[in-house]
Amino acid sequence: MSQFPHINLSLKNKLTFTANPVNVVPLPDGEILMNFASQPLITKLNANLEIVWEKIIQGRNANYVSSKLSASPDGRLIVIAGITDMRILDAEGTTVLHTVEHNSWGWFLGAACYFARDNKTIWYVLPGDENENDKLQVMDTATFEVIASYPLLESQQYAYAFHSTPNNGIILLEASAGQEKTILMQLQLNNGVISLVELTQCSDMIMGNFAPSGKEFVMAPHYDGPLAIYSFPEIAKVAEQDQEAIFDGSKDFPAAEPDNINYSVFFVDDHNILVVSQFGRLLLLDRKDLRCKAEVMPEGIEFTAYNLDGNPTTNPDYIFDYSSNIINVMIVHDMLLMTTGEGELRSYGLPV
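Model, not experiment: these values are computed from the prediction. The written sequence of each chain sets the order in which its residues are numbered from 1. Only residues with pLDDT of at least 70 get local features here, since the model is predicted, and only at 80 or more are side-chain atom pairs given and counted; chain-wide, interface and lining totals rely on the full set of residues. By convention in this description, side-chain values take in all heavy atoms of the structure and omit both hydrogens and water.

A. Examining the overall build of the protein more closely. A run of H or I in DSSP becomes a helix once it reaches four residues, and a run of E becomes a strand once it reaches two; helices and strands are each numbered from the N terminus. What the protein contains, in helices and strands, is 1 helix and 32 strands. Computed over its C-alpha atoms, the radius of gyration of the protein comes to 21 Å, within 12% of the 20 Å expected for a compact globule of 352 residues. With the C-alpha coordinates of the protein rotated into their principal frame, the extents come out at 65 × 45 × 40 Å. Accessible area is worked out with a 1.4 Å probe on protein chains only. A residue is then buried under 20% of its type maximum, exposed over 50%, and partly exposed in between. Out of the 352 residues belonging to the protein, those deemed buried represent 52%. Pairs of residues are marked as contacts when any of their non-hydrogen atoms sit within 4.5 Å. Partitioning the contacts of the protein with sequence separation of at least 6, the portion at a separation of at least 24 is 43%. For the protein, the separation between the mean place of its 21 positive charges and that of its 44 negative charges on side chains is 5 Å. Two things to know: the radius of gyration comes from C-alpha atoms, and the globule rule equals 2.2 Å times the number of residues to the power 0.38. Two residue types count as positive, namely Lys and Arg, and two as negative, namely Asp and Glu; His and chain ends fall outside the count. Here the site of a charge means NZ on Lys, CZ on Arg, CG on Asp, or CD on Glu.

Now the structure itself:
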């Protein structure tokens with residue numbers, strides 16, 4: 001008998017690509033912008049995952065640094081942050097409006113840009129050299145003039161990710177040093193001056209998202225620690241749950257290796273949190289007690305059992321762990337989006 005009730009999700013739409021998407025960026029009117037790990041291609045999709053246009057944007061991907069894609073909230077500007085430059089394009093991806101050249105990012109590093117919600121500024125990170133730290137800069141979107149700059153962490157040690165908050169004047173910047181540590185910083189721009197505060201209470205946690213209420217955000221553990229929820233704007237820890245309690249001896253996937261949280265957690269609404277597990281499972285937690293209330297079963301998602309040597313097995317006595325064909329899970333435009341090992345982008349309704 002299954003330990004957790006199942007929530008079955010019907011597949012709404014899917015699209016198959018020849019390379020795995022690395023960035024999925026929301027645009028106005030339910031549209032989506034994407035780019036890929038090994039191709040100089042940008043694709044625009046409509047809300048039904050139908051291709052609107054595709055553009056070849058030449059760039060250099062190396063040292064496991066893929067170009068990072070972002071777009072302004074009004075959809076007028078696209079930014080490609082690559083290994084040696086940052087290019088600002090028009091909405092159709094046909095004209096390069098401005099280019100910022102910089103030192104080459106090191107292995108596994110890089111940073112996507114961030115557009116303020118009022119469309120007036122672009123925030124981005126430049127890699128440092130041997131004698132200077134990485135640098136945070138803010139650019140005016142009308143003139144492409146740099147209006148503020150701030151020295152960040154030591155040179156070429158972190159990959160960076162920006163996160164919007166319910167307060168239009170506050171941005172979160174996440175810095176990840178591979179599997180070693182993560183740092184979360186709070187950014188503000190006041191009278192042309194950047195203020196930065198390191199949120200030490202969130203150290204070695206991985207940013208999830210904000211609840212629709214805007215009063216809380218959820219973070220995943222970096223390793224075997226608990227899932228945690230923080231208040232906003234106070235940014236105080238208000239709840240946490242050990243991973244053992246979340247999985248609590250799950251009977252559906254017996255294995256020598258216990259399942260755990262695989263870096264990804266999301267508020268689906270104010271009362272439910274979605275956890276992506278190491279095995280590729282999707283567990284729905286009740287916000288009140290942070291215990292699993294159901295397992296989400298998207299149509300077309302399959303699991304493979306593996307033995308200790310990493311080979312597929314059907315013998316229950318030799319199962320070490322499992323893996324599904326899910327690569328990434330996102331919530332975009334009130335849809336559950338997944339990329340899979342088959343090069344597919346799949347869309348489902350939300351599991352609430």
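Next, the rest of the story.
B. Just the pattern of salt bridges, in detail. One speaks of a salt bridge when a side-chain nitrogen belonging to Lys or Arg is within 4 Å of a carboxyl oxygen belonging to Asp or Glu. Using the criterion set out here, one finds 10 salt bridges in the structure. For Glu216, the salt bridge goes to Arg287, with nearest N and O atoms at 2.8 Å. Of the two residues, Glu216 is situated in strand β21 (residues 216-221) and Arg287 in the loop between β26 (282-286) and β27 (292-298); the sequence distance between them amounts to 71 residues.

C. Inspection of the packing of aromatic side chains at higher detail. Stacked, tilted and edge-to-face are the three classes applied to pairs of Phe, Tyr and Trp rings, where Trp contributes its six-membered ring and a pair requires centres within 6.5 Å; stacked means planes under 30 degrees apart, edge-to-face means over 60, and tilted covers the rest. Counted by the stated rule, this structure contains 11 aromatic pairs. Judged by centre distance (4.9 Å) and plane angle (50 degrees), the rings of Phe17 and Phe36 are tilted. Note that Phe17 is positioned in the loop between β2 (11-16) and β3 (21-26) and Phe36 in strand β4 (residues 32-36), a separation of 19 residues in sequence. Take Phe17: its relative accessible area is 11%, and that puts it in the buried class. According to the relative accessible area criterion, Phe36 is buried, its value standing at 2%. Look at Tyr158 and Tyr160: their rings are 6.3 Å apart centre to centre, the planes differ by 45 degrees, and that puts the pair in the tilted class. Of the two residues, Tyr158 and Tyr160, both sit in the buried class. An aromatic cluster is defined as three or more aromatic residues linked by ring pairs; in this entry it consists of Phe210, Phe217, Tyr230 and Phe232.

D. Region of the structure containing the pairing of strand β7 (residues 68-71). Pairing of β7 with strand β8 (residues 77-81) involves 4 bridges; the strand directions are antiparallel. Within β8, the position partnered with Leu69 by the bridge is Ile80. Turn length for the β7-β8 hairpin, with the two strands adjacent in sequence and antiparallel, is 5 residues, and the turn residue Gly75 shows positive phi of about 80 degrees. For two strands to be treated as a pair, DSSP must find no fewer than two bridges joining them.

E. The sheet that holds strand β12 (residues 114-115), seen in detail. Pairing is antiparallel in the open sheet, where 4 strands are placed in the order β12-β13-β14-β15. A single partner strand is all that each edge strand has here, and the edge strands are β12 and β15 (146-151). In this structure, β12 lies alongside strand β13 (residues 121-126), joined through 2 bridges in antiparallel fashion. Residue Phe115 lies in a different strand from β13, and its bridge partner there is Ile122.

F. Highlighting the nonpolar core. Side-chain atoms within 4.5 Å link the members of a nonpolar core, which is a set of buried Ala, Val, Leu, Ile, Met, Phe, Trp, Tyr and Cys residues. Trp123, Val125, Leu136, Tyr160 and Phe162 are the most contacted members of the largest nonpolar core, which has 23 residues in total. Looking at this core, the elements with two or more residues in it are β13, β14 (135-140), β16 (159-164), β17 (171-177) and β18 (181-190). The element best represented in this core is β17, accounting for 4 residues. Counting 19 residues, the second-largest nonpolar core is a separate cluster that includes Val218, Ala220, Leu227 and Cys292.

G. Highlighting the sheet that holds strand β25 (residues 272-277). Judged by pairing direction, the sheet is mixed, and its 5 strands sit side by side in the order β1-β27-β26-β25-β24 without closing on themselves. At either end of the open sheet lies a strand with only one pairing partner, and these are β1 (6-9) and β24 (261-269). For this sheet, the mean angle separating the axes of adjacent strands, direction not counted, is 30 degrees. In terms of strand pairing, β24 meets β25 through 6 bridges, oriented antiparallel. With axes taken as lines fitted to C-alpha atoms, and helix axes fitted only over the stretch in contact, angles between N-to-C directions fall between 0 and 180 degrees.

H. Seen up close, unusual backbone geometry. The amide bond that connects Phe232 to the next residue, Pro233, takes the cis arrangement and shows omega of 15 degrees. Tracing the backbone shows Pro233 in the loop between β22 (227-231) and β23 (237-241). The backbone phi angle of Asp29 is positive, close to 60 degrees, even though this residue is not glycine. Structurally, Asp29 can be placed in the loop between β3 and β4. On the basis of relative accessibility, which here comes to 75%, the residue Asp29 falls in the exposed class.

I. Expanded view of the side chain of Asn307. Take Asn307: it is sitting in the loop between β28 (303-306) and β29 (321-324). What makes Asn307 buried here is its relative accessible area of 18%. Contacts described as polar in this section are N or O atom pairs within 3.5 Å, which, within protein, must combine one atom able to donate a hydrogen with one able to accept it, while residues neighboring in sequence count only if both atoms come from side chains. A distance of 3.0 Å separates the side chain of Asn307 from the backbone nitrogen of Asp309, its partner in a polar contact. Apart from residues no more than four positions distant in its own chain, Asn307 is found in contact with Thr313, Tyr318 and Phe320.

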